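If you want the building blocks of each chain, they are given just below.
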Protein chains: 2
Amino acid sequence: MAADTHSLDSLVQALRRLPGVGVKSAQRMAFHLLQHDRDGAELLSRALHDAAATVRHCARCHTFTEAEVCATCLDPRRDPTRLCVVETPADQSAVERTAAYDGLYFVLMGRLSPLDGVGPKDIGVHSLLERAGDGTVQEVILATSFTAEGETTAHVLGEALRARGLHVTRLARGVPAGSELEYVDLGTIAHALVDRR
Amino acid sequence: MAADTHSLDSLVQALRRLPGVGVKSAQRMAFHLLQHDRDGAELLSRALHDAAATVRHCARCHTFTEAEVCATCLDPRRDPTRLCVVETPADQSAVERTAAYDGLYFVLMGRLSPLDGVGPKDIGVHSLLERAGDGTVQEVILATSFTAEGETTAHVLGEALRARGLHVTRLARGVPAGSELEYVDLGTIAHALVDRR
């Protein structure tokens with residue numbers, strides 16, 4: 001395009017920095033906002049600026065918050081003897097929505113991925129060991145994903161935590177609720193057999 | 001989420017106004033920007049604000065521009081006797097990239113879609129008739145999509161333009177370049193047979 005569409009081109013380029021957005025999607029988004037939703041464009045502009053300026057990490061659990069320590073960590077109704085380790089705030093939010101857990105969290109903000117250059121330091125293993133060793137935590141529940149990287153992360157964290165004498169558990173593996181056995185993958189059935197109770 | 005994540009929640013809500021972005025994608029985008037690309041968040045914030053403030057429509061062809069009249073309409077090297085009618089700036093850009101057209105454009109910024117309440121007024125039929133009837137334009141090339149709505153749009157515009165004595169053509173329909181006939185849909189083959197030359 002020409003010089004008279006500089007700010008449109010800049011917008012398309014900036015939208016491409018969003019994960020999963022290629023040049024076609026970015027064009028479609030820019031076109032939609034400019035043609036049908038300029039209020040939305042201004043709203044998103046302000047929301048991005050505000051969030052980038054105010055959102056930081058909780059000093060205790062590393063999740064996103066605008067305060068020094070997040071509301072969950074400060075909640076006196078939560079059980080401080082249990083600590084659930086998750087990869088992301090989205091995972092934390094999924095565990096919260098189950099309403100089956102009232103302990104505290106530690107959010108890794110990532111997972112071990114040597115191939116991508118993500119090592120123990122990047123996911124704050126040292127902070128986790130410090131946090132879990134505060135004398136109050138009695139059980140650390142590893143709730144990382146059941147992918148190769150999530151399992152590796154759980155293994156490495158489990159070793160380090162057990163070496164400090166902490167009681168470490170892992171989310172149960174098994175057949176998902178509502179599944180017909182015929183359509184469940186064999187690895188999952190094998191695990192469900194081994195862990196039967 | 002709690003009160004201490006207000007600006008994060010607002011960001012997720014604002015991202016959902018982008019076309020094709022649901023709550024999961026919005027969370028992933030917000031997480032990515034805040035965790036890995038705060039510069040990108042600020043850049044996108046400014047780009048959105050700038051574009052919403054400066055981008056408007058060309059007075060002659062209706063495409064996006066920051067000037068009164070766009071660079072293409074002002075380009076003296078372009079053939080002013082031919083006018084290509086497209087639905088969107090993205091379609092215009094696709095025609096430009098072929099380097100097979102050196103005339104001018106008229107961008108409808110939409111297509112007729114009675115079911116969605118988009119009538120002739122919304123796509124600027126009146127402006128198009130005025131633009132095409134400037135005495136210089138000799139041929140109007142209808143390059144709307146070959147979808148039901150695009151075809152309807154082309155039909156309605158064609159009727160109106162012909163009634164004013166203008167020479168109207170439509171993009172050729174046929175087998176796409178690089179296609180094996182076996183895998184081309186029958187409607188396309190039928191059109192290619194009828195329009196054979």
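All of the points below concern the structure found in this document.

What counts and how
Residues numbered from 1 in each chain as written. Chains lettered and ligands numbered in written order. Predicted model: local features only at pLDDT ≥ 70, side-chain atom pairs only at ≥ 80, totals over all residues. Heavy atoms only, no water. Helix = DSSP H or I, 4+ residues; strand = E, 2+ residues; numbered from the N terminus. Rg over C-alpha atoms; globule rule 2.2 N^0.38 Å. Buried < 20%, exposed > 50% of the residue type's maximum accessible area, 1.4 Å probe, protein only. Contact = heavy atoms within 4.5 Å. Areas by Shrake-Rupley, 256 points an atom, 1.4 Å probe, with all protein chains shown as cover. Lys, Arg positive; Asp, Glu negative; His and termini not counted. Charge placed at Lys NZ, Arg CZ, Asp CG, Glu CD. Salt bridge = Lys/Arg side-chain N within 4 Å of Asp/Glu carboxyl O. Polar contact = N/O pair within 3.5 Å; in protein donor to acceptor, adjacent residues only side chain to side chain. Pairing = 2+ DSSP bridges. Axes fitted to C-alpha atoms, helices over the stretch in contact; angles between N-to-C directions. Least-squares fit on C-alpha atoms with pLDDT ≥ 70 in both. Arc of directions from axis to C-beta. Parallel < 35°, antiparallel > 145°, perpendicular 65-115°, else oblique. Left-handed = near helix turned anticlockwise from the far one by under 90°. Nonpolar A, V, L, I, M, F, W, Y, C, P; charged D, E, K, R; others polar.

## Points about the overall build of chain A
Okay, so step 1: Of the regular secondary structure elements, chain A holds eight helices and six strands.
Okay, so step 2: For chain A, the N- to C-terminal ordering of α and β elements is α-α-α-β-β-α-β-α-β-α-β-α-β-α.
Okay, so step 3: Its C-alpha atoms give chain A a radius of gyration of 21 Å, more than 25% over the compact-globule value 16 Å for 197 residues.
Okay, so step 4: Dimensions of chain A along its principal axes, counting C-alpha atoms only, are 65 × 50 × 35 Å.
Okay, so step 5: The burial tally for chain A puts 43% of its 197 residues in the buried class.
Okay, so step 6: When contacts within chain A are restricted to residue pairs at least 6 apart in sequence, those whose partners lie at least 24 apart make up 45%.
Okay, so step 7: Surface summary for chain A: the accessible area is close to 10700 Å², and the carbon and sulfur share equals 54%.
Okay, so step 8: Where the 21 positive side-chain charges of chain A centre and where its 26 negative ones centre are 2 Å apart.

## Let's talk about the interface of chain B and chain A
Okay, so step 1: Between chain B and chain A, the contact holds 53 residues from the first and 52 residues from the second.
Okay, so step 2: Linking chain B with chain A are two salt bridges.
Okay, so step 3: A salt bridge links Arg17(B) to Asp37(A); the nearest nitrogen and oxygen atoms lie 3.0 Å apart.
Okay, so step 4: Summed over the shared surface of chain B and chain A, the result is 17 residue pairs in polar contact (both at pLDDT 80 or more).
Okay, so step 5: Only helix H1 (6-15), helix H2 (23-36), helix H3 (38-54), strand S1 (56-57), strand S2 (64-65) and helix H5 (89-98) of chain B provide two or more residues apiece to the side of chain B that touches chain A.
Okay, so step 6: Looking at the side of chain B that touches chain A element by element, the count peaks at 15 residues for H3(B).

## Describing the pattern of salt bridges
Residues and elements named next belong to chain A.
Okay, so step 1: Applying the stated criterion across every chain yields a total of 22 salt bridges over all chains.
Okay, so step 2: Close ionic contact of Arg 78 with Glu 96 constitutes a salt bridge, the shortest N to O distance being 2.8 Å. Of the two residues, Arg 78 sits in the loop between helix H4 (71-74) and strand S3 (79-86) while Glu 96 sits in helix H5 (residues 89-98), which places them 18 residues apart along the sequence.
Okay, so step 3: Overall, Arg 78 belongs to the buried group, its relative accessible area being 13%.
Okay, so step 4: Residue class for Glu 96 comes out partly exposed when judged on its relative accessible area of 31%.
Okay, so step 5: For Arg 82, the salt bridge goes to Asp 102, with nearest N and O atoms at 2.6 Å. You can see Arg 82 sitting in strand S3 and its partner Asp 102 sitting in the loop between H5 and strand S4 (103-107), a full 20 residues away along the chain.
Okay, so step 6: Using a relative accessible area of 23% as the deciding quantity, one classes Arg 82 as partly exposed.
Okay, so step 7: For Asp 102, a relative accessible area of 37% gives the class partly exposed.

## Quick look at the sheet that holds strand S6 (residues 167-170) of chain B
All names here are of chain B.
Okay, so step 1: One open sheet accounts for four strands, arranged S4-S3-S5-S6; its pairing is parallel. Two strands bound the open sheet, and with one partner strand each, they are strand S4 (103-107) and S6. Shown here is a sheet whose adjacent strand axes are inclined to one another by a mean of 25 degrees, direction ignored.
Okay, so step 2: Sheet topology note: the strand S3 (residues 79-86)/strand S5 (residues 139-142) ladder contains four bridges and is parallel. Note on S5: the bridge partner recorded for Arg 82 is Glu 139.
Okay, so step 3: In the packing of helix H7 (residues 148-163) onto the sheet, the strands contacted are S3, S5 and S6, and the crossing angle to S6 comes to about 165 degrees.

## Quick notes on the relation of the copies chain B and chain A
Okay, so step 1: Rotating chain B by 179 degrees and moving it 0.0 Å along the rotation axis overlays it on chain A with an RMSD of 0.1 Å. The symmetry that links the two subunits is that of a two-fold axis. Residue Ser45(B) of chain B places its C-alpha closer to the rotation axis than any other residue of that unit, at 2.0 Å.
Okay, so step 2: When the interface residues of chain B are mapped onto chain A, 98% of them again lie at the interface, so the same face is used by both copies.

## With respect to unusual backbone geometry
Okay, so step 1: Here His62(A), not a glycine, exhibits a phi torsion of approximately 70 degrees, which is positive.
Okay, so step 2: Its place among the elements puts His62(A) in the loop between strand S1 (56-57) and strand S2 (64-65).

## Regarding the side chain of Ser113(A)
Okay, so step 1: Here Ser113(A) lies in the loop between S4 and helix H6 (125-132).
Okay, so step 2: Exposure remark for Ser113(A): the relative accessible area of 4% places this residue in the buried category.

## Things to note about H1(B)
Note: α-helices contain 3.6 residues per turn, so residues at a spacing of three or four share the same orientation.
Okay, so step 1: Of the residues making up H1(B), those classed as buried are Ser7(B), Leu8(B), Leu11(B), Val12(B), Ala14(B) and Leu15(B). Buried positions in H1(B), seen along its axis, are confined to an arc of 165 degrees and lie on one side of it.
Okay, so step 2: Along its buried surface, H1(B) packs onto helix H3 (38-54) and S2 of chain A together with H2 of chain B.

## Observations regarding the packing of H3(A) against H1(B)
Okay, so step 1: Across the interface, H3(A) lies against H1(B) with an axial gap of 9 Å and an inter-helix angle of 150 degrees. Our classification of the angle between H3(A) and H1(B) gives roughly antiparallel. For the element pair H3(A) and H1(B), the recorded crossing hand is left-handed. Residues Leu43(A), Leu44(A), Ala47(A), Leu48(A), Asp50(A), Ala51(A) and Thr54(A) of H3(A) lie in contact with H1(B), whose contacting residues are Ser7(B), Ser10(B), Leu11(B), Ala14(B) and Leu15(B).
Okay, so step 2: Split into classes, the residues belonging to the contact of H3(A) with H1(B) amount to eight nonpolar, three polar and one charged.

Honestly, it's all geometry; don't read function into it.
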